[in-house]
Amino acid sequence: RRLPVLRRRCHIAGKRLSGTGLAAEGRVLRAVLYVYHSRMLRHRPYLAMQQVEQCLKRLWKMNLVGCIETLAELIPKQSTPQAHTECLVPSQPMLETVALKVLGGCKLILRLLDCCCKAFLLSVKHLCSEEFILLNTVASGLLSRLWFVIQYRCVLQSLVSLYGILSTTLNLVSETQQMPYIKGFTFPSDISNFLGVNVSSEVKKQKARMLATKKPTSWLKKLFPTMPEAASEVGKKRNFATCRSAVKNCSIPRPADIGEPVL
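This structure is a prediction, so every number in the text was calculated from the model and none was measured.

**Q** Can you help me understand the pattern of salt bridges in this one?
**A** Tallying each qualifying case throughout the model produces 4 salt bridges. Across the pair R145 and E25 runs a salt bridge whose closest N-O atoms are separated by 3.0 Å. Pair noted here: R145 is in helix α6 (residues 133-152) and E25 is in helix α2 (residues 20-35), with a separation of 120 residues, a long-range link. Using a relative accessible area of 39% as the deciding quantity, one classes R145 as partly exposed. By sharing partners, the salt bridges in this structure join R111, D114 and K118 into a single network.

**Q** Would you mind showing me how to read unusual backbone geometry here?
**A** Of all residues except glycine, most have a negative phi; of all peptide bonds, most are trans. Located in the positive-phi region is N63, a residue other than glycine, with phi close to 55°. With respect to the helices and strands, N63 occurs in the loop between α3 (44-61) and α4 (64-74). Taking relative accessible area as the criterion, N63 reaches 45% and is therefore assigned partly exposed.

**Q** Looking at this structure, how should I read the side chain of E96?
**A** Mapped onto the fold, E96 is located in helix α5 (residues 92-128). Each residue touching E96, except ones within four places of it in the same chain, is listed here: L170, P180, Y181, I182 and F187.

**Q** Sorry if this is basic, but what is going on with the packing of α3 against α5 here?
**A** Any two packed helices are characterised by the angle at which their axes cross and by the distance between the axes. Relative orientation of the contacting elements α3 and α5 amounts to 160°, with a least axis distance of 9 Å. As far as their axial angle goes, α5 and α3 are roughly antiparallel. Crossing geometry of α3 relative to α5 is assigned as left-handed. Taking contact as the criterion, the partners of R44, P45, A48, M49, Q51, V52, C55, L56, R58 and L59 in α3 are, on α5, L108, I109, R111, L112, C115, C116, A119, L122, S123 and H126. Within the contact of α3 with α5, the residues separate by chemical class into 14 nonpolar, 3 polar and 3 charged.

**Q** In this structure, what is going on with the nonpolar core? I would like to understand it.
**A** A general trend in soluble globular proteins is that nonpolar side chains are found buried together. Counting 69 residues, the largest nonpolar core has V52, V102, L159 and L162 as its most contacted members. Ranked by residues supplied to this core, first place goes to α5 with 19 residues. Those residues in contact with V52 that lie beyond four places of it in its chain are L29, L112, C115, C116, A119, L143 and L146.

**Q** Just checking my understanding: could you explain α2 for this structure?
**A** Residues that lie three or four places apart on an α-helix share one face, since the helix turns once every 3.6 residues. With 16 residues, α2 ought to run about 22 Å at 1.5 Å a step, and its terminal C-alpha atoms sit 23 Å apart, in line with that. Those residues of α2 that fall on the buried side of the exposure criterion are L22, E25, G26, L29, V32 and L33. The arc that holds the buried residues of α2, viewed along the axis, is 125°, so those residues lie on one side. Looking at α2, the residues exposed on the side facing more than 90 degrees away from the buried face are T20, R27 and Y34. Each element contacted by the buried residues of α2 is listed here: α1 (2-17), α3 and α6.

**Q** Hey, could you run me through the side chain of S167 in this one?
**A** Residue placement: S167 occurs in helix α7 (residues 155-176). Discounting chain neighbours no more than four positions away, the residues touching S167 are P188 and S189.

Definitions and limits used
- Residues numbered from 1 in each chain as written.
- Predicted model: local features only at pLDDT ≥ 70, side-chain atom pairs only at ≥ 80, totals over all residues.
- Heavy atoms only, no water.
- Salt bridge = Lys/Arg side-chain N within 4 Å of Asp/Glu carboxyl O.
- Helix = DSSP H or I, 4+ residues; strand = E, 2+ residues; numbered from the N terminus.
- Buried < 20%, exposed > 50% of the residue type's maximum accessible area, 1.4 Å probe, protein only.
- Contact = heavy atoms within 4.5 Å.
- Axes fitted to C-alpha atoms, helices over the stretch in contact; angles between N-to-C directions.
- Parallel < 35°, antiparallel > 145°, perpendicular 65-115°, else oblique.
- Left-handed = near helix turned anticlockwise from the far one by under 90°.
- Nonpolar A, V, L, I, M, F, W, Y, C, P; charged D, E, K, R; others polar.
- Core = buried A, V, L, I, M, F, W, Y, C linked by side-chain atoms within 4.5 Å.
- Expected span 1.5 Å × (residues − 1).
- Arc of directions from axis to C-beta.

Below you can see the structure in the form of structure tokens.
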């Protein structure tokens, strides 16, 4: 009865991990780090962004998505599960390997969220000091978006729920046929004890810290002081007149007829 639930949670976790948003933010982060590499080697927000990129690189290199998809393919597809019937189940070594990778992936994603939060706070701090405005503006937007993508897609929560059913299945399989593969390590029954923190409360704390720095336009007013209304109105009228005169002086070529051959 647990096999369909395990297969469904494998598909959910693999889909959320291999989403386009997470991969796209990782590519943008690598591009930003590449552009600013020679100029920002000693800059604190840049070094914090390097830690974020290192966590992402380790997450992709551990091939967690491929391992989860392989486990899902080994689970037999039964439309109506029947009690007291024999069926093929994944072996204990396979379940132990996936469980160990899920534990490491949860730990790594928790570290990734923490690095995103710290790098975001550093970027906003240096932005308020009017230091490297372009880099810190891009970095603050990128890091907050990466943190939001992980949280919005519930990547960490899906892995935690996957480990819950995976741990139960592993215990049942090991009771049926003892084939221990990973020795010297006891798989925890509760993943919160292994992670050392409560996932939901830790994410709420990070969100509160990030939102506390985004006071209503407090740092934007320091960077872009407001102009008097009269001066802004004069500037708008002047720009509008300039644009209108430019449009009048611009000579637009007559488009050729689509039906006639163009030599």
